[in-house]
Amino acid sequence: MSALMQTYARLPVTFSHGEGVYLFDTQGRRYLDGISGIGVNGLGHGHPAVTAAIRDQADKLLHTSNLYRIEGQEELANALARVSGMDTCFFGNSGAEANEAAIKLARLYGHGRGVKKPAIIVLEGAFHGRTLATLSATGNRKIQAGFEPLVSGFIRAPRNDIEAVRQIANNNPDVVAFLAEPIQGESGVNPLTAEYLGAVRALCDEHDWLLMLDEVQTGNGRTGTYFAYQGMGFTPDVVTTAKGLGNGVPIGACLSRGKAAGVLGAGQHGSTYGGNPLVCSAGLAVVNTVVGEELPANALAMGAVIRATLLEDPEVAAKITEIRGSGLMLGVELGRDCAGLVERALEEGLLINVAGGSTIRLLPPLVINEAEARELARGVAELIRNFN
Ligand SMILES: Cc1ncc(COP(=O)(O)O)c(C=O)c1O
């Protein structure tokens, strides 16, 4: 037993290096990575563009703090604004911090409107992080239990139920924002429909709320567009992202637009490391590669290959009740507890994850090719076939 706090039930494997969609353990055994470090390594392992950017920047300068202008940070903010349609960007170091920034922004926006106790609508099954505010916004009692008193100011609604949001609107003049993941990841890959989100957008406009999307997991090309809301016919006011943005270096971003863009001013939020030269060099390499190599399109195409391959064998298809998600964010629903499949997969040299208890979650690198996508899907199909 090491001196680590045992906050994770870790699997008995240690990786020494990676190459593309494969990881190698300290014994030299190869594993196909179907989870990308929980949606982080979108460009896979050892991508030359990211490695070169980090090396070059490390040679020059790691950190200066936000007391000074950082060229790379401005460049990354501009690149993210271009790909998202947002206007301004705050950098933190994680998804939870990106959401903390959004929550603070919404409260400040509410106070600016004269609302003394601003409230944010959040959804059942949501996951927004492990800090006190973000775990309070999270819709999973297991994550909250023992950490009471929770942060107040969140009103919970069932997902994809626009009537519930309407009722909250009618009964709560203190609401100032709506926060949700376009596709819930941790609850088991549960998408919100474009119709629902479009109707929420209309309610936000009607009541002067901010529409805030948590794209920590869905963003950076994973679902088939740079951000999941793109192609849904509306634009949010605030977007948070992290995970895939750094491909492994810790970075989170809170993007905002229009009336939300100038809300957080000097001295109202901050982070010592946030957006430092090192992480921004990696982030910029990621954005340029995701766009330049058209990885969202590859995510769509390879997601389709995985779905089709999983359903090839009728015996396996009969055990799958549903495949949810978009692009390379896939939830293979088995309708019964399947947590044990993760260790079985590991024995077969396959890295997968189970979310929500009964859903195999697949988040492979966006650079996966067709042969690798088939290999992943056939491996998962084999696990399902033998799962009795
Ligand atoms: C949708 C979503 N939001 C927020 C977070 C928290 O991100 P982090 O672990 O980087 O704080 C996660 C992490 O799984 C996530 O999936």
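Just so it is clear, the structure is predicted and the values come from calculations on it, not from any experiment. (Residues numbered from 1 in each chain as written. Predicted model: local features only at pLDDT ≥ 70, side-chain atom pairs only at ≥ 80, totals over all residues. Heavy atoms only, no water.)

### A few points about the environment of Gln 217
Definition in use: Starting at the N terminus, helices and strands are each numbered in turn, a helix being any DSSP run of H or I of at least four residues and a strand any DSSP run of E of at least two. Residue contacts are defined here by distance: any two heavy atoms, one from each residue, within 4.5 Å place the two residues in contact. Polar contact criterion, stated in full: a pair of N or O atoms within 3.5 Å, where within protein one must be able to donate a hydrogen and the other to accept it, and residues adjacent in sequence count only if both atoms are side-chain atoms.
Among the structural elements, Gln 217 can be located in the loop between β10 (210-214) and β11 (238-241). Along the backbone, Gln 217 and Gly 95 are 122 residues apart, and their C-alpha atoms lie at a distance of 8.5 Å. Residues contacting Gln 217, with those up to four places away along its chain left out, are Gly 185, Glu 186, Arg 222, Lys 243, Met 329, Arg 361 and Leu 363. There is a polar contact of 3.2 Å between the side chain of Gln 217 and the side chain of Glu 186.

### Side note on the sheet that holds strand β3 (residues 30-33)
Put simply, the test is: In this scheme, strands are said to pair when DSSP sees at least two bridges between them.
In spatial order, the strands read β1-β2-β3-β15; together these four strands make up an open sheet with mixed pairing. Both outer strands of the open sheet, β1 (15-19) and β15 (350-351), are each paired with one neighbouring strand and no more.

### Structural notes on the packing of aromatic side chains
Put simply, the rule is: Any two of the Phe, Tyr and Trp rings considered here, Trp counted by its six-membered ring, make a pair once their centres fall within 6.5 Å; the pair's planes then place it as stacked at under 30 degrees, edge-to-face at over 60, or tilted in between. Throughout this description, buried means an accessible area under 20% of the type-specific maximum (1.4 Å probe, protein chains only), exposed means over 50%, and partly exposed covers the range between.
Here the structure, examined in full by the defined rule, presents four aromatic pairs. Seen in terms of ring centroids, Phe 15 and Tyr 31 are 5.3 Å apart; in terms of plane orientation they differ by 85 degrees. Their pairing is edge-to-face. Within this pair, whereas Phe 15 is found in strand β1, its partner Tyr 31 is found in strand β3, the two being separated by 16 residues in sequence. For Phe 15, a relative accessible area of 32% corresponds to the partly exposed category.

### Notes on the site of the ligand
Going by this rule: Definition of nearness: a residue and a molecule or strand are near each other if at least one heavy atom of the residue lies within 4 Å of the molecule or strand. The method behind every accessible area is Shrake-Rupley, applied with a 1.4 Å probe, and residues are considered shielded solely by the protein chains displayed.
Around the ligand sit 13 residues, and of these Gly 95, Ala 96, Asp 214, Gln 217 and Lys 243 come closest. The backbone of Gly 95 places a nitrogen or oxygen atom 2.8 Å from an oxygen atom of the ligand. In the model, a nitrogen atom of the ligand is placed 2.7 Å from a nitrogen or oxygen of the Asp 214 side chain. Expressed as a share of its isolated accessible area of 390 Å², the protein-covered part of the ligand is 81%.

### Quick notes on the side chain of Gln 73
One can find Gln 73 in helix α3 (residues 71-84). One polar contact links the side chain of Gln 73 to the main-chain carbonyl oxygen of Gly 275, over a distance of 2.7 Å. Not counting chain neighbours up to four residues away, the residues in contact with Gln 73 comprise Asn 66, Phe 91, Gly 274, Gly 275, Asn 276 and Cys 280.

### What to know about the domain arrangement of the chain
For clarity, the cut-off: In this document the domain limits rely on a domain assignment from an automatic tool or a database. Two parts placed together each lose some accessible area under a 1.4 Å probe, and the buried area is that loss summed for both. Take a side-chain nitrogen of Lys or Arg and a carboxyl oxygen of Asp or Glu: if they are within 4 Å of each other, that pair is a salt bridge.
In terms of domains, the chain is made up of domain 1 (15-47 + 294-385) and domain 2 (48-292). In this complex, domain 1 contributes 32 residues to the contact, which on the side of domain 2 involves 31 residues. Taking both partners together, domain 1 and domain 2 bury about 2300 Å²; carbon and sulfur atoms supply 57% of that area. For the domain 1 face of the interface with domain 2, the top three residues by lost area are His 47, Pro 296 and Met 329, together amounting to 29%. Where domain 1 meets domain 2, there are one salt bridge. The shortest N-O distance in the salt bridge between Glu 186 and Arg 361 comes to 2.8 Å.

### Some thoughts on helix α9 (residues 277-292)
Keep this limit in mind: Take the number of residues in a helix, subtract one, and multiply by 1.5 Å to get its expected span.
Its 16 residues place the ends of α9 22 Å apart at the C-alpha level, agreeing with the 22 Å of an ideal helix rising 1.5 Å per residue. Counting buried positions along α9 yields 12 of 16 residues, so the element is predominantly enclosed. Those residues of α9 that fall on the buried side of the exposure criterion are Pro 277, Val 279, Cys 280, Ser 281, Ala 282, Gly 283, Leu 284, Ala 285, Val 286, Val 287, Thr 289 and Val 290. As for α9, its buried residues are in contact with α2 (48-60), α3 and α10 (295-310). The N-cap of α9, judged by a side-chain oxygen 3.0 Å from the amide nitrogen of Leu 278 a few residues on, is Asn 276. Backbone geometry just downstream of α9 places Glu 294 in the positive-phi region, at approximately 50 degrees.

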